[in-house]
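Residue-level listing of the chains:
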Amino acid sequence: MKKALITGVNGQDGSYLAEYLLEKGYEVHGTLRRHSVAENQDMRIHKLDIETHYFDLNDDVSIYKILNTVRPDEIYNLAAMSHVGISSLLPLFTLKTNSLGLMSLLEFAKDICPSSKIYQASSSEMFGNTVDKDGFQRLDTPMNPVSPYGCSKVLGYNLIRYYRNAFKLFYCNGILFNHESPRRGSNFVTNKIIKSLVMIKKGLLNKLELGNLDSKRDWGHSKDYVRAMHMILSYSEADDWIVATGQTRSIRNFCEIAFKLLDLNYLDYVVQNKKFFRPLELDYLKGDSSKIRKKLGWAPMYSFEEMIEEMVQYWFDRI
């Protein structure tokens with residue numbers, strides 16, 4: 001039985017990944033940061049047969065203890081300060097957690113469990129507004145991030161490459177483009193849209209305030225992307241990968257499709273508020289995932305419309 005450690009197991013991706021690895025027969029350990037409201041801490045994972053541990057990437061003692069105790073075959077580092085907008089309000093915390101915390105994890109893992117394979121959750125936010133001439137972002141596209149979050153992820157990306165090349169360790173980057181699900185936090189724009197839409201339909205809200213409606217993203221489903229994470233660590237060679245649908249849609253288009261599912265017109269309810277604009281806007285993301293499709297056989301199973309419909313149904317059943 002393989003043993004996996006998932007940092008940030010109670011997040012969107014962590015919970016889906018834990019379910020997926022359990023189905024594969026893994027012994028799964030996951031890390032949590034303490035929440036003052038216990039129900040929020042494990043709401044996505046409380047039914048899963050996994051062992052959880054308190055942990056923080058900013059606490060070297062907790063990193064050392066968990067690696068020394070679990071000694072996992074595979075480590076999926078999904079823990080992060082993951083909200084791009086809030087990273088502008090908490091830039092130092094973002095850098096400490098996403099970059100320096102990762103470096104501590106890699107340094108301890110190198111000494112305690114050097115045979116462990118490590119997956120690092122890198123991000124399409126690293127590219128910023130740099131796009132190749134054909135409209136795609138690739139592994140060799142220059143990285144020019146436009147947020148503290150993106151900057152922190154660029155450093156993390158290069159740390160993985162350094163440790164892999166310098167010490168011949170099986171450390172991999174997965175550059176995941178935007179991916180959503182019903183488990184996405186409702187302060188992220190996609191689930192904010194869906195939850196507000198359902199509240200509008202049920203007469204509990206009369207408008208939805210958003211920022212830049214013309215910002216474009218490459219959106220997939222989290223379930224598809226955690227499959228890719230496992231494939232990356234199951235491959236024969238450590239490498240870096242882009243995981244994306246290769247299709248780009250605007251937030252305006254997201255609203256249009258979601259509102260139509262409940263027979264509403266988004267133009268009647270959506271208003272723009274400048275407070276939701278970023279200091280530097282990231283206008284466009286579209287990933288070239290041809291490498292992982294050809295070498296590993298990965299492909300998304302969810303369409304954009306199916307993902308939105310699942311999210312709408314989730315909130316409609318709960319509000």
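Keep in mind the model is a prediction, meaning the values are calculated, not measured.

### Re the packing of helix α9 (residues 251-261) against helix α11 (residues 304-318)
Then comes step 1: Two numbers describe how α9 lies on α11: the axes approach to 10 Å, and their chain directions differ by 55°. As judged from the angle between their axes, α9 and α11 are oblique. Considering how the two elements wind past one another, α9 and α11 form a crossing that is right-handed. Packed against α9, whose contacting residues are Asn253, Phe254, Ile257, Ala258 and Leu261, the element α11 presents Phe304, Glu305, Met307, Ile308, Glu309, Met311 and Val312 at the interface.

### Focus on the pattern of salt bridges
Then comes step 1: The full count for this structure, using the stated rule, is 17 salt bridges.
Then comes step 2: Notably, a salt bridge pairs Glu256 with Lys260, separated by 3.9 Å at the nearest N-O pair. A residue pair is termed a helical-turn pair when its members lie 3 or 4 positions apart in one helix, as Glu256 and Lys260 do in helix α9 at 4 residues.
Then comes step 3: A relative accessible area of 33% means that Glu256 is categorised as partly exposed.
Then comes step 4: Judged by its relative accessible area of 56%, Lys260 falls in the exposed class.
Then comes step 5: Here the salt bridges do not stand alone but share partners, grouping Asp132, Asp134, Arg138 and Asp288 into one network.

### A closer look at the packing of aromatic side chains
Then comes step 1: Inspection of the entire model under this criterion finds 13 aromatic pairs.
Then comes step 2: One cation-aromatic arrangement involves Arg184 over Phe188; the distance from NZ or CZ to the ring centre is 4.0 Å.
Then comes step 3: One residue, Lys202, lies across the ring of Phe316, its end atom 4.2 Å from the ring centre.

What counts, and where the lines are drawn
- Residues numbered from 1 in each chain as written.
- Predicted model: local features only at pLDDT ≥ 70, side-chain atom pairs only at ≥ 80, totals over all residues.
- Heavy atoms only, no water.
- Axes fitted to C-alpha atoms, helices over the stretch in contact; angles between N-to-C directions.
- Helix = DSSP H or I, 4+ residues; strand = E, 2+ residues; numbered from the N terminus.
- Parallel < 35°, antiparallel > 145°, perpendicular 65-115°, else oblique.
- Left-handed = near helix turned anticlockwise from the far one by under 90°.
- Contact = heavy atoms within 4.5 Å.
- Salt bridge = Lys/Arg side-chain N within 4 Å of Asp/Glu carboxyl O.
- Buried < 20%, exposed > 50% of the residue type's maximum accessible area, 1.4 Å probe, protein only.
- Phe/Tyr/Trp six-rings, centres within 6.5 Å; stacked < 30°, edge-to-face > 60°.
- Lys NZ or Arg CZ within 6 Å of the ring centre and 35° of its normal.

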